Amino acid sequence: MSATTIIDIAPLGALIRYTDGSPKPPARFTKKLAAWERSNGVGRLVKKEPPRAYPTWTAPASFTLHEGNFSSDGVILVTIMRSHSADSRLIFEVAEVPKAGQVRVLLDFGGNTELLHLAESVTAAELWIAREGFRNARLEIVDAEGGDGAGGADLAA
């Protein structure tokens, strides 16, 4: 799939795999392996952004993947996020969509919606919000199709 297809059809919370199509180099080639890993990976779809017009140019539509966290003693030190524009040459695929009944913890700002957390239940989502302190977050229950909440319930946190 193209990046545009991901923007159009993939729901927030989906696991997205991306690749440049090249084979993985052997581990002994550390620099080549590091370069390969920058163009091949997987992440959870946390944000979609429409094209933005600026006075001198227009930024294409894009999406952001959460690839992981580095933590120490239960404290997240670094969060790895990677954004891809609609004109990316990488090949994308939806590896997994959120299951029906899971709950998205969402934050709206600047006209966009960002996925903060994907919980197994409303109770788990409310506990996560209480622990993390996001007062303006809202909850969205994933519907049977795993879509973007069409037909699902929105709950205020």
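Everything discussed here concerns the structure shown above.
Residues numbered from 1 in each chain as written. Predicted model: local features only at pLDDT ≥ 70, side-chain atom pairs only at ≥ 80, totals over all residues. Heavy atoms only, no water.

Caption draft 1: Focus on the overall build of the chain. On a plain count of helices and strands, the chain comes out with 3 helices and 11 strands. Along the chain direction, N to C, the helices and strands of the chain fall in the order α-β-α-β-β-β-β-β-β-β-β-α-β-β. Judged by the C-alpha coordinates and their principal axes, the chain covers about 50 × 45 × 35 Å. Across the 157 residues of the chain, 33% fall into the buried class. Sequence separation of at least 24 residues holds for 51% of the intrachain contacts in the chain that already meet a minimum separation of 6. Within the structure as shown, the chain displays about 9400 Å² of accessible surface, and the carbon and sulfur contribution to it stands at 55%. When the 17 positive and 19 negative side-chain charges of the chain are each reduced to one mean point, those points stand 10 Å apart. (Helix = DSSP H or I, 4+ residues; strand = E, 2+ residues; numbered from the N terminus. Buried < 20%, exposed > 50% of the residue type's maximum accessible area, 1.4 Å probe, protein only. Contact = heavy atoms within 4.5 Å. Areas by Shrake-Rupley, 256 points an atom, 1.4 Å probe, with all protein chains shown as cover. Lys, Arg positive; Asp, Glu negative; His and termini not counted. Charge placed at Lys NZ, Arg CZ, Asp CG, Glu CD.)

Caption draft 2: Representation of the pattern of salt bridges in the model. Applying the stated criterion to the full structure yields 8 salt bridges. Among the ionic pairs, E49 bridges to R52, the shortest N-O distance being 2.9 Å. Ionic pairing is found between E140 and R104, a salt bridge with its closest N-O pair at 2.7 Å. Residue E140 is located in strand 10 (residues 138-141), and its partner R104 is located in strand 8 (residues 103-109); the two are separated by 36 residues in the primary sequence. With a relative accessible area of 0%, R104 lands in the buried category. Taken together, the shared-partner salt bridges in this structure form one network comprising R104, D108, R138 and E140. (Salt bridge = Lys/Arg side-chain N within 4 Å of Asp/Glu carboxyl O.)

Caption draft 3: Spotlight on the side chain of S62. Mapped onto the fold, S62 is located in strand 5 (residues 62-72). In this structure S62 comes out as buried when scored by relative accessible area, which is 11%. With near-sequence residues (within four places) excluded, S62 lies in contact with I7, K47, K48, E49, R52, H84, S85 and A86.

Caption draft 4: A look at the layout of surface pockets. By volume, the largest pocket amounts to about 460 Å³. Looking at the largest pocket, it is lined by 17 residues, and the ones nearest its centre are H66, N69, L116, H117 and W128. Going through the elements one at a time, strand 2 (41-49), strand 5, strand 6 (75-85), strand 9 (112-119) and helix 3 (122-132) are the ones with two or more residues in the lining of the largest pocket. In terms of residues, the lining of the largest pocket owes the most to one element, strand 9, which gives 5 residues. (1 Å grid on protein atoms, 1.4 Å probe; cavity = no way out; pocket = protein on both sides within 12 Å on 5 of 7 lines; lining within 4 Å. Points joined across faces, edges and corners; volume = space filled by probe spheres on them.)

Caption draft 5: Examining the pairing of strand 2 more closely. Pairing of strand 1 (residues 15-19) with strand 2 involves 4 bridges; the strand directions are antiparallel. Counted as the bridge partner of R17 is V42 from strand 2. Summarising the sheet, strand 2 and strand 5 pair through 5 bridges and their orientation is antiparallel. Counted as the bridge partner of L45 is L65 from strand 5. (Pairing = 2+ DSSP bridges.)

Caption draft 6: Expanded view of the nonpolar core. Within the largest apolar cluster, 17 residues are counted, with the highest numbers of intra-cluster contacts made by I6, I16, L45, F63, L65 and F92. Secondary structure elements with two or more residues in this core: helix 1 (3-9), strand 1, strand 2 and strand 5. For this core, the element with the most residues is helix 1, which contributes 3 residues. Apart from the residues within four sequence positions on either side, L65 is in contact with I16, Y18, G43, R44, L45, V46, I80, M81, R82 and H84. If you look at the next biggest cluster of nonpolar residues, it comprises 8 residues, including A119, A125, A137 and L139. (Core = buried A, V, L, I, M, F, W, Y, C linked by side-chain atoms within 4.5 Å.)

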